[in-house]
Protein chains: 2
Amino acid sequence: MSGEPRLVFMGGVGEVGRNMAALDMDGRLLLIDAGLSFPEAEMPGIDLVLPDFTFLRDNAERIEAVLLTHGHEDHVGSLHYLLRELTLDIYATPLTLGLINGKLEEHGVRHRARFHEVEPGGREYRMGPFATRFYRVAHSIPDGTSVAIDLPSGTLLHSGDFKLDQTPIDGRVTDLQGIAGEARRGVHVFLSDSTNAEDPGTTGSERSVGPVLYDIMRDAPRLVVVACFASHIHRLQQVIDAARRVDRRVAFLGRSMHQSVAAARSLGYLQVSDQEIVLIEEVGSIDPRGVVVCCTGSQGEPLSALALMAAREHKWVMLQPKDTVVLSSSVIPGNETAIHRVLDGLYRTGANVFHVPIAPVHVSGHAAAEELKFMLNLIRPRWFIPIHGELRHLAHHAHLARDVGIPEDQILLVEDGDTVTLGASLRKGERVTAGMTFVDGLGIGDVGEAVLRDRRKLAADGIVVVVVTVDAHTGEVLAGPDIINRGFVFEEASEHVLEEARHRVMLALKESAAQEVTDPTVLKQHIRSVLRKHFFGLTQRKPVIVPVIMEV
Amino acid sequence: MSGEPRLVFMGGVGEVGRNMAALDMDGRLLLIDAGLSFPEAEMPGIDLVLPDFTFLRDNAERIEAVLLTHGHEDHVGSLHYLLRELTLDIYATPLTLGLINGKLEEHGVRHRARFHEVEPGGREYRMGPFATRFYRVAHSIPDGTSVAIDLPSGTLLHSGDFKLDQTPIDGRVTDLQGIAGEARRGVHVFLSDSTNAEDPGTTGSERSVGPVLYDIMRDAPRLVVVACFASHIHRLQQVIDAARRVDRRVAFLGRSMHQSVAAARSLGYLQVSDQEIVLIEEVGSIDPRGVVVCCTGSQGEPLSALALMAAREHKWVMLQPKDTVVLSSSVIPGNETAIHRVLDGLYRTGANVFHVPIAPVHVSGHAAAEELKFMLNLIRPRWFIPIHGELRHLAHHAHLARDVGIPEDQILLVEDGDTVTLGASLRKGERVTAGMTFVDGLGIGDVGEAVLRDRRKLAADGIVVVVVTVDAHTGEVLAGPDIINRGFVFEEASEHVLEEARHRVMLALKESAAQEVTDPTVLKQHIRSVLRKHFFGLTQRKPVIVPVIMEV
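Notes on the structure follow. (Residues numbered from 1 in each chain as written. Chains lettered and ligands numbered in written order. Predicted model: local features only at pLDDT ≥ 70, side-chain atom pairs only at ≥ 80, totals over all residues. Heavy atoms only, no water.)

### Some thoughts on the relation of the copies chain B and chain A
Here is step 1: Superposing chain B onto chain A requires a rotation of 180 degrees together with a translation of 0.0 Å along the rotation axis, leaving an RMSD of 0.1 Å. On this basis, the relationship between the two copies can be described by a two-fold rotation axis. Looking at the rotation axis and the C-alpha trace of chain B, the residue lying nearest is Ala459(B), at 2.5 Å. (Least-squares fit on C-alpha atoms with pLDDT ≥ 70 in both.)

### What to know about the interface of chain B and chain A
Here is step 1: Each partner contributes to the interface: chain B provides 68 residues, whereas chain A provides 68 residues.
Here is step 2: Interface area, chain B with chain A, both sides summed: about 5500 Å², of which 59% is carbon and sulfur.
Here is step 3: A per-residue breakdown of the area chain B buries against chain A is headed by Arg392(B), Arg486(B) and Met550(B), which together make up 10% of the total.
Here is step 4: There are ten salt bridges connecting chain B and chain A.
Here is step 5: For the salt bridge of Asp446(B) with Arg541(A), the shortest nitrogen-to-oxygen distance reads 2.7 Å. (Contact = heavy atoms within 4.5 Å. Buried area = accessible area lost by both parts, 1.4 Å probe. Salt bridge = Lys/Arg side-chain N within 4 Å of Asp/Glu carboxyl O.)

### Concerning the environment of Ala41(B)
Here is step 1: For Ala41(B), the location among the structural elements is in the loop between strand S4 (28-32) and strand S5 (48-51).
Here is step 2: Distance from Ala41(B) to Phe190(B), taken between C-alpha atoms, is 33 Å for residues 149 residues apart in sequence. (Helix = DSSP H or I, 4+ residues; strand = E, 2+ residues; numbered from the N terminus.)

### Points about the pattern of salt bridges
Residue and element names in this part refer to chain B.
Here is step 1: Scanning all chains against the criterion turns up 78 salt bridges over all chains.
Here is step 2: Of the charged contacts in the structure, one is a salt bridge between Arg-133 and Asp-150, with a shortest N-O distance of 2.8 Å. One end of the pair, Arg-133, is in strand S10 (residues 130-137); the other, Asp-150, is in strand S11 (residues 144-151), with 17 residues separating them in the sequence.
Here is step 3: Judged by its relative accessible area of 28%, Asp-150 is partly exposed. (Buried < 20%, exposed > 50% of the residue type's maximum accessible area, 1.4 Å probe, protein only.)

### A short note on the environment of Thr518(B)
All names here are of chain B.
Here is step 1: Tracing the backbone through its elements, the reader meets Thr-518 in the loop between helix H14 (495-514) and helix H15 (520-539).
Here is step 2: According to the relative accessible area criterion, Thr-518 is partly exposed, its value standing at 40%.
Here is step 3: Along the primary structure Thr-518 and Phe-374 are separated by 144 residues, whereas in three dimensions their C-alpha atoms are 75 Å apart.
Here is step 4: For Thr-518, the contacting residues outside a window of four places in its chain are Leu-523 and Glu-551.

### Digging into unusual backbone geometry
For residues that are not glycine, phi is negative in most cases, and the peptide bond is trans in most cases.
Residues and elements named next belong to chain A.
Here is step 1: A cis amide bond links Val-356 with the next residue in sequence, Pro-357, at an omega value of 5 degrees.
Here is step 2: Mapping Pro-357 onto the fold places it in the loop between strand S18 (352-355) and helix H11 (369-379).
Here is step 3: You will see that Asp-33, though not glycine, has its phi angle at about 70 degrees, which is positive.
Here is step 4: Tracing the backbone shows Asp-33 in the loop between strand S4 (28-32) and strand S5 (48-51).

See the structure below:
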């Protein structure tokens, strides 16, 4: 496996989330991020989606280390699954390590991870053949980084997730000097965040949200609830700062919120005193004008604190007219319906509700088109690979790159499973196994496309099971046929459909007996075909039909 | 049922689509619109959603007439279902009647509808006790109207769907003079379109899309495909006009496109000569630089022309690099995932793809916040009821009304099923049966919440059927237990789970036999509980478990 280095894309390109790539050089592998994604509507029952680990399993002994660019789930969420199989050296900034620490402990795999804290700013960290340098980037979580890695033909620069916020809350702007230093020495290949490539202009500064939150809290006549991502420490800081100015204490609600607040406070990323915090259990018994509740659920997740409040089922927060709810978040594509349902529930409580686009209570963490072009012009890479996005985002980012003068044949559009050899020229190599591994309950990978296909069919038209007991020798029907339906028709309303089905199965069995057909496989096929026709004719539906023949 | 008139809201308020209301006065009912809506993700297998007709069935002999404000599906789509049960007088403008005519014929109910053409502009149309006047409004379909209806206490004004386009394609601006005339005489209650109440400013003019389409066609090196709603005649006109200027002929693709083009041409709403049209079957054999294909599918509908093109499966249009595809449409909430999938497929073909927000190839047909306020200020109604939207849209519209000075207690937020009595004061009355009637294949209403709940459960974790044949007298197991699973686990990978399940059922049956339990209901309950525990322990999933006991 020596020769030219190559990049292996295991996730995050062409599909959102599950960000994961491997740099394969001198026989060793350096993983960049290990994320997960959340299921889409046509993946019923699925809880989480992991990258397919086949390539990593096949090359396990060659893995040198894992770098994590930042602590978001789509970059670190599959790590504890990977650690079930492997022991890994992990390089990341303090907050990123702090955030994953709790999760790895919770899953009993902390002992399999050797943490290496990195300090952004250009210092070199060596992992086997890989010389790496980290640079701070502004994003919707503190302590995010870009990373530069030396290749024989120049530098590979991976942007991480970034924006060019000129006034970030922690004062830590994207390290343009450091990145420019890499650029001056020559970036051979640049991989850059495409999330907001479709958005014109520049993304607003995180700092612009603070005054909006302050105005809302100042004017709020009663309780204020703010929903945002638990890991959005800068947003939480702004909620806390605004609350302080209007004499409200802050209640953190939910496990992920508590975990990330604890990690951020202990590492000095979040400034809030104990006196400024009130326990959620006490919120009901104090003046609602003195409290701001911080919770998750801004994506409409069912059973989240916010969804329960919207349904008036939350244990500690029963919303009332004149309460105020702020969704300090964007709408992640795919979550629209769930979010709209929660919004409608919130409005129904009579609360004042603030959300984008009607109130500027959120800004994105990703660079928009002008920032992406700025970055491309700063770096002037020889080769460019847009990453982090669906295909249309990558295509738009490629467009932007052409606009600033990167030759079209030096831009590569890649998808999950693609590999790119990193010689003087870049070219696509052999594809590797990649894709989605579904997590459903305790099962990882046991639900695949075949099972999902069944679930989708069951969801669309339900299932009809036909059971009949026959004499193994004579084929005579001893019991049944019994017809059981779930999700096909409402039994009481459509009894005739099922009764007629029973009748037709009986006829089919008699026909077969007359022709001395007793092979159960043939009988089942016959029953299925008779019922398919019957049901489709009457209803134009195609339920899953399962004939069961019991022989005694 | 005499006394004060009342409004009955059967759809369109609090939920989108299915717009339908009835004015109940002097013992007669005047229906305003008869729309449908499209299923959401959690309505698997459902094709369409109709309003619940219970109230209309119960009051069938009191129905005087139906007015249709315009020809969009969410305003006219349930009419042919209603006509299966009733014969109705229908009042609408020529294009609206032209568009529904085909559909009613197709469904064999044309003879049950008596068409009455109305001419907007204030002329009075009398239907029993109802004196009505129509006023033209600009919208994303020609020939849309507002309607004024006399009440004892003043006028009821229903906005229809509208925008205040100052430069509409057909030159027919919203009839502000006519509406102002009604206002001067005093509008007692105003019902107004809330769709874009969350959008600040004003909605762009339809005319702004033309130059963008022209630029795209002029620069397009090969074939151009434009996807939009078939009923968006003004948009089609602009496509045709731009095509003419760049010497391209137009191919209309798909049945709904052909139907609506035919209706609009024959009534003079669409100007295109036969010479400017090319048959879609011929597109493959002529120079792609001379063609624009107009098709539907802009909402990502599976099996639509656009979806097939994106999957490279369309019979007549095989997209290639340098082809151009324009999605001249907005994203209707709920369709994001489907649209993104189609977009990714289109990008994968190498085509240049234009869509909002990255290119201004679409404007909305609904008034934004400033226009809504303008309308409220023009009309100065005594009472205001925001309609046409989810609850949050209605709530925002109510906000706008308060901002322009309508007293809070003269604004009513209503939801489907609410009734409002229309005396000197308005107040909510007794609710009526309302909600969703699902259409699934040929079935209308036979799939209800119970069946959908089953489908959702089946989708989430699949189904396990356990079949056992026992001796009716001794309870001895004669055959089985057989375990069949669909959508729960992948059989080959999880054989142990199912084998162990079989074993546990066998044990359970033996236990029961030992205790001389033979009641099948009890046995089934026992099997269900044993398996539920077993499956959840191993997988944390809850498949539907169906035990079948055959007695011989």
